[in-house]
Amino acid sequence: MDLYQLEYISEIEKTGNISKAAEHLHISQPTLSIYLSKLERSLGMPLFIRQKNLLIPTEAGEKYVKACRQILAIRDNLYRDLFSQNRSSVRLGVLRSTIHTFNEILQGMKAEFPQTIFLPQIFSSELIYRELTEHRVDLGFVTSYQENIKSIFPKTDYTIVKSYELMLMISAHNPVYSQLEFQDGCLAEQSYRLLADLPIFQGKNDMVQKRMEEDIFPSLGIRPKWREGLIDIEFMFQTMVLENCFSILPVSRIRGGDIVQIPFLFHPKVQRLFIYPARHHLTQPERELITRVSDVYRDISYYYDVSLL
């Protein structure tokens, strides 16, 4: 079990409400509900019962929550002990989809910076920003769906690592696909209206929805109906194969399935970037980490790597 999952249970008990806990954790309510259901099934017992509008821990739930908080306290005490030593530390917030890349890079940095301890933790972009502003993370690797990065990460400075183009994602078997027209390899403007009657499938991510509502939809001249689902990229792509819906996502490598990626004439972008506190003087290990990650991402031409086999 990852430590962030312990925080899930602790937050559910603290708020007594799945929706409020999900909001505080910056994840979707369905994701948190399914996680709790899976955990209770694996344990063979309920951790919470519903009383009116509150989730109340069972006897087993109280023990589980207590253990979660004890483990999290051990982590926090360990970090405080590590920070008080002469060895320097970098608390790093990263996205789940990037942890493999960071693990390899951090392994390679051990020999060059033996006195620096990197402590990666997995969060969403929004939660990384919150952890950074509340001084629990020193450096964060996030995604910005806004071109004006300061509008969503106002208290930070940043280094852009890679930009990816947002693409129309649609199944080749969707009846609308055969009606689409193209101009210079991009979706022609006269085809925008064909998307208006299709639901758009997106995870419940405020940053993404804000970009769609304020920029992408007005540029297309449409107001499609949201078809929300779990923030699980394989599930999202599979849904586009099985249902007549579409999505707008960063360019991806897709193996299997029949998803077609189509660029728009106005070429919207998203960025992957490092954020750090405003006016923060980057240490040599932090600068080197940013350099190495940037070097690796020059060769990563896709945002998601999805297998639908």
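The structure under discussion appears in the preceding block.
The structure reproduced in this document is the subject of the present report. The residue numbering used here restarts from 1 in each chain and proceeds along that chain's sequence as written. Two thresholds apply to this predicted model, a pLDDT of at least 70 for residue-level local features and 80 or more for giving and counting side-chain atom pairs, whereas whole-chain, interface and lining totals are computed over all residues. No hydrogens and no water enter the side-chain calculation; it runs on all heavy atoms of the structure.

1. Quick word on helix H2 (residues 18-25)
Taken together, the buried positions of H2 are Ile18, Ala21, Ala22 and Leu25. Down the axis of H2, the buried side of the element spans an arc of 100°, and every buried residue falls inside it. Exposure classes here rest on a 1.4 Å probe applied to the protein chains alone. A residue is buried below 20% of its type maximum, exposed above 50%, and partly exposed in between. Secondary structure elements are defined from DSSP: runs of H or I of at least 4 residues count as helices, runs of E of at least 2 residues count as strands, and each element is numbered from the N terminus. The arc in question is traced by the directions running from the helix axis to the C-beta atoms.

2. A word on the pairing of strand S5 (residues 139-144)
Counting buried positions over the 6 residues of S5 gives 6, a clear majority of the element. Judged by which residues are buried, S5 turns out to be covered on both faces: Leu139, Phe141 and Thr143 on one side and Gly140, Val142 and Ser144 on the other are all buried. When DSSP finds two or more bridges between a pair of strands, those strands are recorded as paired. In the sheet, strand S3 (residues 88-94) pairs with S5 via 2 bridges, with the strands oriented parallel. Bridge assignment links Gly93 to a residue of S5, and that residue is Gly140. Sheet topology note: the S5/strand S14 (residues 269-277) ladder contains 5 bridges and is antiparallel. Each residue of the ladder has a partner; that of Thr143, found in S14, is Arg272.

3. Section: the environment of Tyr276
Checked against the element boundaries, Tyr276 lands in strand S14. Since its relative accessible area comes to 8%, Tyr276 is described here as buried. Once the C-alpha coordinates of Tyr276 and Val65 are considered, the two residues, 211 residues apart in sequence, prove to be 32 Å apart. Here a residue-residue contact requires only that any non-hydrogen atoms of the pair lie within 4.5 Å. Apart from residues no more than four positions distant in its own chain, Tyr276 is found in contact with Leu132, Asp138, Leu139, Thr156, Asp157, Tyr158, Thr159, Leu282 and Ile290.

4. A few points about the packing of aromatic side chains
Stacked, edge-to-face and tilted are the three classes for Phe, Tyr and Trp ring pairs, Trp counted by its six-membered ring, which pair at centre distances within 6.5 Å; planes under 30 degrees apart are stacked, over 60 edge-to-face, the rest tilted. With the rule as written, the count across this model stands at 11 aromatic pairs. Seen from their ring centres, Phe141 and Phe274 are 4.9 Å apart, and the 55° between their planes marks the pair as tilted. Remark: Phe274 occurs in strand S14 and Phe141 occurs in strand S5; sequence separation between them is 133 residues. Considered together, Phe141 and Phe274 belong to a single accessibility category, that of buried residues.

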